[in-house]
Amino acid sequence: MGLEPSPCAPYGDEVSTELSQGCARGCDLCSEFNGCLRCSPKLFILLERNDIRQIGICLPSCPLGYFGLRNTDMNKCIKCKIENCESCFSRNFCTKCKEGLYLHKGRCYVTCPEGYSAANGTMECSSPAQCEMSEWGPWGPCSKKRKLCGFKKGNEDRTRRILQAPSGDVSLCPATTEVRRCTMQKNQCPEGKRKKKEEQGKQDNANGNRNRKDTKDAKSGTKKRKSKQRGAAVPTTSASPAQ
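Numbers given to residues run from 1 along each chain, matching the order in which its sequence is written. Predicted model: local features are reported for residues with pLDDT of at least 70 only, side-chain atom pairs are reported and counted for 80 or more only, and whole-chain, interface and lining totals are derived from all residues. Where side-chain values are given, they derive from all heavy atoms of the structure, hydrogens and water being excluded.

Student: So what about the state of the cysteines? Which residues, and what values?
Tutor: Criterion for a disulfide: a pair of cysteine sulfur atoms at a distance within 2.5 Å. Under the definition given, this model contains nine disulfides. In this model, Cys62 is linked to Cys77 through a disulfide, with the two sulfur atoms separated by 2.1 Å. When the S-S torsion is -95°, as for the bridge of Cys62 with Cys77, the disulfide is left-handed. In this pair, Cys62 sits in the loop between strand 6 (53–59) and strand 7 (66–69) while Cys77 sits in strand 8 (residues 75–79), placing the two residues 15 residues apart along the sequence. Comparing Cys62 with Cys77, the two get one shared label, buried. The disulfide that involves Cys85 links it to Cys94, with 2.2 Å between the sulfurs. Measuring the twist about the S-S bond at about 95°, one finds the Cys85-Cys94 disulfide to be right-handed. For the residue pair Cys85 and Cys94, the accessibility class agrees, reading buried in each case. Secondary structure elements are taken from DSSP: a helix is a run of H or I of four residues or more, a strand is a run of E of two residues or more, and numbering for both begins at the N terminus. The classification of residues rests on relative accessible area computed with a 1.4 Å probe and restricted to protein chains. Under 20% of the type maximum is buried, over 50% is exposed, and intermediate values are partly exposed.

Student: Talk me through the pattern of salt bridges; I want residue IDs and the actual numbers.
Tutor: We define a salt bridge as a side-chain nitrogen of Lys or Arg found within 4 Å of a carboxyl oxygen belonging to Asp or Glu. Overall, the coordinates contain three salt bridges when judged by the stated rule. Notably, a salt bridge pairs Glu156 with Arg180, separated by 2.6 Å at the nearest N-O pair. In this pair, Glu156 is assigned in strand 16 (residues 153–159) and Arg180 in strand 18 (residues 177–183), connecting sequence segments 24 residues apart. On the accessibility criterion, Arg180 (40% relative accessible area) is partly exposed. Among the ionic pairs, Glu178 bridges to Arg158, the shortest N-O distance being 2.7 Å. Residue Glu178 is found in strand 18, and its partner Arg158 is found in strand 16; the two are separated by 20 residues along the sequence.

Student: A description of the environment of Cys182 should follow, citing residues and the corresponding values.
Tutor: Summarising the element assignment, Cys182 is placed in strand 18. Through-space distance from the C-alpha of Cys182 to that of Pro141 is 9.2 Å; in sequence the pair is 41 residues apart. The criterion used for residue contact is that any of the two residues' heavy atoms lie within 4.5 Å. Sequence-distant contacts of Cys182, defined by excluding residues within four places in its chain, comprise Cys142, Ser143, Lys152, Lys153, Gly154, Asn155 and Glu156.

Student: Now, about the side chain of Asn75: what can you tell me, with residues and values included?
Tutor: Here Asn75 lies in strand 8. In protein, a polar contact requires one atom able to donate a hydrogen and another able to accept it; more generally it is a pair of N or O atoms within 3.5 Å, and residues adjacent in sequence count only if both atoms are side-chain atoms. A polar contact of 2.7 Å, which involves the side chain of Asn75, links it to the backbone oxygen of Pro41. With residues near it in sequence (within four places) discarded, Asn75 still touches Pro41, Lys42, Leu43, Phe44, Ile45, Leu69 and Arg70.

Student: How would you sum up the environment of Pro113? Please name residues and give values.
Tutor: Mapped onto the fold, Pro113 is located in the loop between strand 12 (107–109) and strand 13 (117–118). On the basis of relative accessible area, Pro113 is assigned to the partly exposed category, the value being 23%. Along the primary structure Pro113 and Tyr102 are separated by 11 residues, whereas in three dimensions their C-alpha atoms are 9.5 Å apart. What Pro113 contacts, discounting residues up to four positions off in sequence, is His104 and Cys125.

Student: Lay out the nonpolar core in plain terms, naming residues and giving numbers.
Tutor: One broad trend across soluble globular proteins is that nonpolar side chains are buried collectively. Judged by nonpolar contacts, Phe67, Ile78, Cys80, Ile82, Cys85, Cys88, Cys94, Cys97, Leu101, Leu103 and Cys108 together constitute the single largest core of 11 residues. Elements that contribute at least two residues to this core include exactly strand 9 (85–90) and strand 10 (93–97). One finds Cys23, Cys39, Ile45 and Met74 within the second-largest nonpolar core, a separate group that totals eight residues. For our purposes a nonpolar core is just a set of buried Ala, Val, Leu, Ile, Met, Phe, Trp, Tyr and Cys residues, chained together by side-chain atoms within 4.5 Å.

Student: Can you lay out the environment of Cys108 for me, pointing to particular residues and giving the numbers?
Tutor: Checked against the element boundaries, Cys108 lands in strand 12. On the basis of relative accessible area, Cys108 is assigned to the buried category, the value being 16%. A sequence separation of 17 residues divides Cys108 from Cys125, and the C-alpha atoms of the two residues are 9.9 Å apart. Apart from residues lying up to four places away in sequence, Cys108 is in contact with Glu83, Asn84, Cys85, Cys94, Cys97, Leu101 and Tyr102.

Written as structure tokens, this is what we have:
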């Protein structure tokens, strides 16, 4: 039985070309000492250490603690390098921590870092910036002291709603109200118009009363002058002496 060295096996390991025909399912090339050396194109090869040897096995997906790295040469299962990580996206970015630990930015923690909290009952830490907010509503009218007139400058505000808060704690979310300065429209207040109208009415009444008094006084003066004229002495003729 002829033997030839394998390019995938450690130095000194030998692979039997005849044994390649008897490899496990999904394995294209194998070794008596190191298990599978090359898996079928769609499978991942996982190297497990057994004492001083590494044994290769072929899997459809990588197990917990590993992530799959696809190559044109061969797909491999790479071990996560993050402490207490159960599954990872890459060697240094965890996607799920071991039970009882919190996940934050690809790392595992006993508790969430300061300023963060577990989001919606999960074991993932969330920041206030991750609150789900509605769109801002339209700006309200420009007002001051609850009045829309009578002032040059005022304030206007707009609001939005909290759609979802981390752990239901709305105090971790951004503000729901925004206020800004504004210039009020040059409109006379309704109460100012009424007051001006009342003052104008009073003025008109006063002028009317004055005019009526002046007319009455004028009439009274005329009557007095006529009375004086009637009361003036009438000249008399003396009687002729008796004959």
